[in-house]
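For reference, the chains in residue letters:
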Amino acid sequence: DVSYNSPSSFRQEMRIEGLTEAILRRHQGPYPATTQSRLTDTPIDGIFVTDGVHVTAGGYLDFQQYFKSDHRGLWIDIDLEATLGAPPVNSPSFHPRRLTLADGRSVDRYIKAAEAGYRHFRLPQRLTQLADDILVQDGYLAANQQDRFNTIHCQAYEVRQRAERNCRKLSMGKVHWSPQMQQKWDRLHLYQLLILGHKKVRTSSRKVRRLLKKTGLSDAWKLSEADLQAKWYLEHQEYKEVKRKRAHQWRLEYLESQSALVQKAKKGNIKARSQRTRVQRMAQKEETGRRRKAQGKGFSGGLQQIKVAQVAPDGSSHWVTCQSKRLVEEGCMQENCLRYDQTRYPYPTPPMTEPLYSNSNGPNAEQNSKALLRGLYEVETSDPYLASFIDHCQRPEGLEDQPLEVDLEDHVSFWRKIWVDLMRTIQMMNSELQANNKRVGKSAMVYAEKHKLIPSGQHGSRKRHQAIHLALTKRLTWDLLHLQRHPAGWISNDAKSCFDLIVHWVAIISLMRFGIQWRTFRSMFDTLMKSKHRVHTGFGDSDCVFPPPTLIPFQGCGQGDGAGPPIWVAISSILLGMMISKGLGLGFGFDFLMSISWAPLLADCFCFVDDTDVCQAALSPDQSGESVVSEVAKALQWWSNGVRLTGGAIRPDKSFWYLIDFKWNSQLGVWQFRKKRDYKPSLLPTGMSEIAVELDDLDGTSVHLKWLKADESAKTLGILMSPCSNRKAQLVVMQGKAKAWADQIQPSFLQQYDVLPLLCTTIQKTLEY
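Definitions and cut-offs
- Residues numbered from 1 in each chain as written.
- Predicted model: local features only at pLDDT ≥ 70, side-chain atom pairs only at ≥ 80, totals over all residues.
- Heavy atoms only, no water.
- pLDDT = per-residue confidence, 0-100.
- Helix = DSSP H or I, 4+ residues; strand = E, 2+ residues; numbered from the N terminus.
- Contact = heavy atoms within 4.5 Å.
- Axes fitted to C-alpha atoms, helices over the stretch in contact; angles between N-to-C directions.
- Parallel < 35°, antiparallel > 145°, perpendicular 65-115°, else oblique.
- Left-handed = near helix turned anticlockwise from the far one by under 90°.
- Core = buried A, V, L, I, M, F, W, Y, C linked by side-chain atoms within 4.5 Å.
- Buried < 20%, exposed > 50% of the residue type's maximum accessible area, 1.4 Å probe, protein only.
- Phe/Tyr/Trp six-rings, centres within 6.5 Å; stacked < 30°, edge-to-face > 60°.

Q: What's the story with the confidence of the model for the protein chain in this structure? I'm lost.
A: Of all residues in the protein chain, 86% attain a pLDDT of 70 or more, and the chain-wide mean is 83. Across the protein chain, the secondary-structure element scoring lowest on mean pLDDT is helix α23 (residues 747-753), at 53, and the one scoring highest is strand β14 (residues 656-660), at 95. Contacts of residues 419-425 to residues separated by more than four positions or lying in other chains number ten contacts, the stretch itself having pLDDT below 50.

Rendered as structure tokens:
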């Protein structure tokens, strides 16, 4: 009954002890009541802290919000870094979708709200007018028409966002629903309301009557407050027990009973399939949770801290951890600017040099590109790699552009078979742009497969081609070299961020070679060049965007672009053509005849997306391994410079090479691989002083590629392999994975069934097979 500032008040006593009320010291009166039983302007509840606790925010919740009580909930936010000297702990946040396709009512509400929004903004009529303009203008839109389309697109997106917000309320509970669990919840809620009524707290009499009838506890309102408290306590203990032991089983029984009722009533199987799908999803969710828990994998709430290099005044650098929203976003933006601009700076790649770049992107870009495709584009250069690349950009005679029009049927088909929540990309592009990109990529691949424009060495991004098949092809090629005792060099290399370093005009030429029309690229690459780039971290979307540092737009098609894999297939097809013909004279590779048909075959490059193996064998088994080193070096130069012509580069740290040759072991009576000590530099071709192949780094410096022994296994295509069939390394890796899995299993289970030795034996027998 004493006032807030009275000397005899409880708060004044807390002040004497050095504690102040955290919420009230941040806000000035009047103050709301904190309990329903005493609606006065003097708050009863409070959170008291010392002056060393830095409170950033605080306030009161509404009555009955989040928990059942006649008192308000109180909350404060504390700056942990300033208070405790440690960074704040950011817990991962998960925001479920309000629109779920499994809920028919939710879908109906979404469609109804979206259609109303489309009619309000007249979006269908405005899009129809733009479509008519495109037909009249031969597929092109003026600048003001592009602005109109962007406005329509933004309004449509906002309409869909509003429609989704009205779909359903988010259920935040983690307990499986069933009629039995609902009965438990209803009984608990009834007792809570009756207890609040005894405490003179306002409650809904209608809700009480409904719960009395629903639970069958018609005489519960006659009980005293003490009896109700005892009933609530017993009911709550029973609820916790069944929630832990029975909730999941009750849910399964309920879903199975519903499926049985639907099938028995013969009202259609759609509902039955829906119920079975829910059961399967529950099982998959629980299995995934158990597996992640056994493997020690948690759930991330997004990128919330990074390490950046900071240069000190003395020139030394050290790593600094950034944890605030601003610093994390600035670090990501700076890294992205460097990543998507590295085809131009600091070491310009050949396609970005003048006048080649201007001729391929200026006002005459379409005419120059078509001339290059027909072999009529002349470029003055002394670079043999560039001249060979330009020559191999030509499309075979007799092939024309393929018509590529997206009609209503294509649009509906795309969105019916693709779930929106599965379109997770590293670069989160607009979903409609992704639909067009995937359509372009698919059409290009169909055209290229039909006209045999893709060399057999490229296995990536193609139907009926798998990485394991390519690994088998490499293994068989090594066996052939061994069988025929052919000296050879084998280079395994990895391209550096191939999708991020593709120059746009090179991608356009490559796709035009696959039959895509020029006007199609205006939609694809104009959007990439004019798009506004943001970063998305654990703090959400950035408030600002990062533009290119110059007038030259960012290059690269982007990780996650629907047309990215086909673009690289188109580009690598030109590079493989260069390797086959070598630009001059005979090409690189290993020629041999098939044993039955005597048909000639060439094994030159083995590609799976950007992982490439280049083979260069001697012309005769009578040659020595030393004699082939110079040709191996030339093969590496042709391939690495070819990749640079696309804007990319080879990573020396992820690349290596083998020198394969054989010697006769008279004691054992077998042919064996030569070891490093068996090679003699004196037998090298003129001009070479050591057994090595060099790769030009981005800055032009030569780097010696790592030379591995023939029995030294290296990881390619996810498998540890070596030319001399050394399977021990792969066996050790698989045994390690089996042991790591077995370590998560209970020791009693391992002792009873002796799982680990059985797994290791199975792995070893599989490798031997």
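Q: Before we go on, may I ask you to explain the packing of helix α6 (residues 179-198) against helix α8 (residues 225-245) in this structure?
A: Each packed pair of helices is defined by two parameters, the angle between the axes and the distance between the axes. The N-to-C vectors of α6 and α8 enclose an angle of 155°; their axes lie 9 Å apart at closest approach. By the angle between their axes, α6 is roughly antiparallel relative to α8. Like other packed secondary-structure pairs, α6 and α8 cross with a definite hand, here left-handed. Two secondary-structure elements touch here, α6 through M181, K184, W185, R187, L188, Y191, Q192, L194, I195 and H198 and α8 through E225, L228, Q229, K231, W232, E235, H236, E238, Y239, V242 and K243.

Q: Help me out: how do you make sense of the nonpolar core in this one?
A: Nonpolar side chains in soluble globular proteins tend to end up buried together. One finds I567, W639 and W657 to be the most contacted residues of the largest nonpolar core, which totals 80 residues. Here this core takes ten residues from helix α20 (residues 564-581), the largest share from any one element. Once residues lying within four places of it in the same chain are set aside, the contact partners of W657 are W490, I491, V632, I691, A692, V693, L705, K706, W707 and L708. In this structure, A471, W478, F606 and C615 belong to the second largest nonpolar core, which totals 21 residues.

Q: Before we go on, may I ask you to explain the packing of aromatic side chains in this structure?
A: Tallied over the entire structure, the rule returns 14 aromatic pairs. An aromatic cluster is defined as three or more aromatic residues linked by ring pairs; in this entry it consists of W478, W490, F606, F656 and Y658.

Q: Could you clarify how one ought to interpret unusual backbone geometry in this entry?
A: Among all residues save glycine, negative phi is the norm, and among peptide bonds the norm is trans. Omega for the peptide link from Y345 to P346 comes to 5°, which places this bond in the cis form. Residue position: P346 is located in the loop between α11 (325-340) and α12 (356-361). Positive phi outside glycine occurs at R485, with the angle close to 55°. As for its position among the elements, R485 is in the loop between α17 (467-484) and β7 (488-494). Judged by relative accessible area, R485 falls into the partly exposed class, the value being 33%.

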